[in-house]
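Letter by letter, the chains look like this.
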Amino acid sequence: MSLTRGLASITAVTVLAMPSLAQAQAYQCEMPRVSTVPKVTPDGKSRQLPVTGYTLALSWSPGFCRTRQDSRGHRTQCSGENGNFGLIVHGLWPESRGSWPQWCPTRGALTPAEARRNMCMMPSTRLIARQWAKHGSCMTKRPDTYFKVTRILWDSLRIPDYDRISREDGLTAGRIRKAFADANGGWSASQIGLKLNRSGWLEEIRLCYNKRFRPTRCDAKRFGARDGVRAKIWRGL
């Protein structure tokens with residue numbers, strides 16, 4: 001099933017979902033001007049494979065920005081000048097039976113206007129350009145379709161209060177995962193992956209979908225940290 005034909009299924013997911021709180025995270029977000037789109041150079045070989053599912057990767061921005069507050073390359077996300085972010089979309093990734101397609105040929109050009117439209121969801125033009133070139137190109141011919149689907153999925157989510165949860169004693173990966181499942185009807189803990197860094201700090205939440213954009217059980221690689229693993233959530237200074 002193509003991404004375009006899958007829009008009906010995605011819309012159904014959104015209609016059935018609880019009211020969105022994803023946007024509330026970036027309610028202070030101010031979209032900066034975008035005059036150009038960064039050129040992205042592939043860092044691997046092109047792989048054109050059949051799509052069997054998807055992963056929506058959500059990055060924990062306070063942790064990412066911990067050492068990047070003064071970085072010019074991450075100014076929009078990390079300086080605080082355009083708002084403060086919690087979870088943001090890292091990308092929507094196609095899966096293919098344990099592998100993944102990437103860097104597919106496409107004639108679709110990402111415009112500055114399309115990049116700017118998504119800056120409160122993905123606050124980096126380089127990130128937006130890279131996700132389209134590496135992943136979106138293997139899902140659809142047009143970047144606006146790729147980002148429309150990503151926004152629909154993002155807007156269907158309720159984000160738990162991870163700032164409050166971060167203060168709990170004995171925090172584990174399972175507690176982080178369960179909080180997300182409890183906030184989003186239709187999701188179970190087995191469908192929510194978690195990436196922690198070597199020190200146990202939260203880096204990403206990875207949501208696993210089947211071809212029809214319904215939540216599905218994550219494989220071991222995407223599931224990541226087991227429930228009993230101790231975890232930490234960086235709240236910022």
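The structure this text deals with has already been given above.
Residues numbered from 1 in each chain as written. Predicted model: local features only at pLDDT ≥ 70, side-chain atom pairs only at ≥ 80, totals over all residues. Heavy atoms only, no water.

Further remarks concern unusual backbone geometry. With phi around 50°, Arg97 is a residue other than glycine that occupies positive phi space. Relative to the helices and strands, Arg97 resides in the loop between strand S2 (87–95) and helix H4 (112–117). Its relative accessible area of 68% is what places Arg97 among the exposed residues. The phi dihedral of Trp103 falls on the positive side, at around 50°, and the residue is not glycine. Judged by relative accessible area, Trp103 falls into the buried class, the value being 7%. (Helix = DSSP H or I, 4+ residues; strand = E, 2+ residues; numbered from the N terminus. Buried < 20%, exposed > 50% of the residue type's maximum accessible area, 1.4 Å probe, protein only.)

Attention now goes to the pattern of salt bridges. Scanning all chains against the criterion turns up 13 salt bridges. A salt bridge links Glu168 to Arg175; the shortest N-O distance between them is 2.9 Å. The class for Glu168 is partly exposed, based on a relative accessible area of 26%. Between Asp227 and Arg177 there is a salt bridge; the shortest N-O distance is 2.5 Å. Taken together, the residues span a long stretch of sequence, with Asp227 in the segment after helix H9 (220–223) and Arg177 in helix H8 (residues 173–183) at a distance of 50 residues. (Salt bridge = Lys/Arg side-chain N within 4 Å of Asp/Glu carboxyl O.)

On to the side chain of Thr76. Topologically, Thr76 is positioned in helix H3 (residues 75–78). The contact partners of Thr76, leaving out residues within four places of it in the chain, are Pro32, Asn82, Phe85, Met119 and Pro123. (Contact = heavy atoms within 4.5 Å.)

Time to look at the nonpolar core. Judged by nonpolar contacts, the single largest core of 46 residues is most densely connected at Leu58, Leu157, Tyr162, Ile205 and Leu207. Looking at this core, the elements that each hand over two or more residues are strand S1 (53–60), S2, helix H5 (125–134), helix H6 (143–155), helix H7 (162–165), H8, strand S3 (192–196) and strand S4 (202–210). Sequence-distant contacts of Tyr162, defined by excluding residues within four places in its chain, comprise Trp60, Leu87, Ile176, Ala179, Phe180, Ile205 and Ile233. (Core = buried A, V, L, I, M, F, W, Y, C linked by side-chain atoms within 4.5 Å.)

Moving on: the packing of aromatic side chains. All chains considered together, the criterion is met by seven aromatic pairs. Taking 6.2 Å as the distance between ring centres and 85° as the angle between the ring planes, the aromatic pair formed by Trp60 and Tyr162 counts as edge-to-face. With a gap of 102 residues between them, Trp60 in strand S1 and Tyr162 in helix H7 connect regions that are remote in the sequence. The residues Trp60 and Tyr162 share a single accessibility class, namely buried. With a centroid separation of 6.3 Å and 50° between ring planes, the pair formed by Trp132 and Tyr146 is classed as tilted. With Trp132 in helix H5 and Tyr146 in helix H6, this residue pair connects regions lying 14 residues apart in the sequence. Accessibility expressed as a relative area gives 4% for Trp132, which makes it buried. A network of ring pairs unites the aromatic residues Tyr54, Trp187, Tyr209 and Phe213 as a single cluster. Positioned above the aromatic ring of Phe223, the side-chain terminus of Arg177 is 3.7 Å from the ring centre. (Phe/Tyr/Trp six-rings, centres within 6.5 Å; stacked < 30°, edge-to-face > 60°. Lys NZ or Arg CZ within 6 Å of the ring centre and 35° of its normal.)

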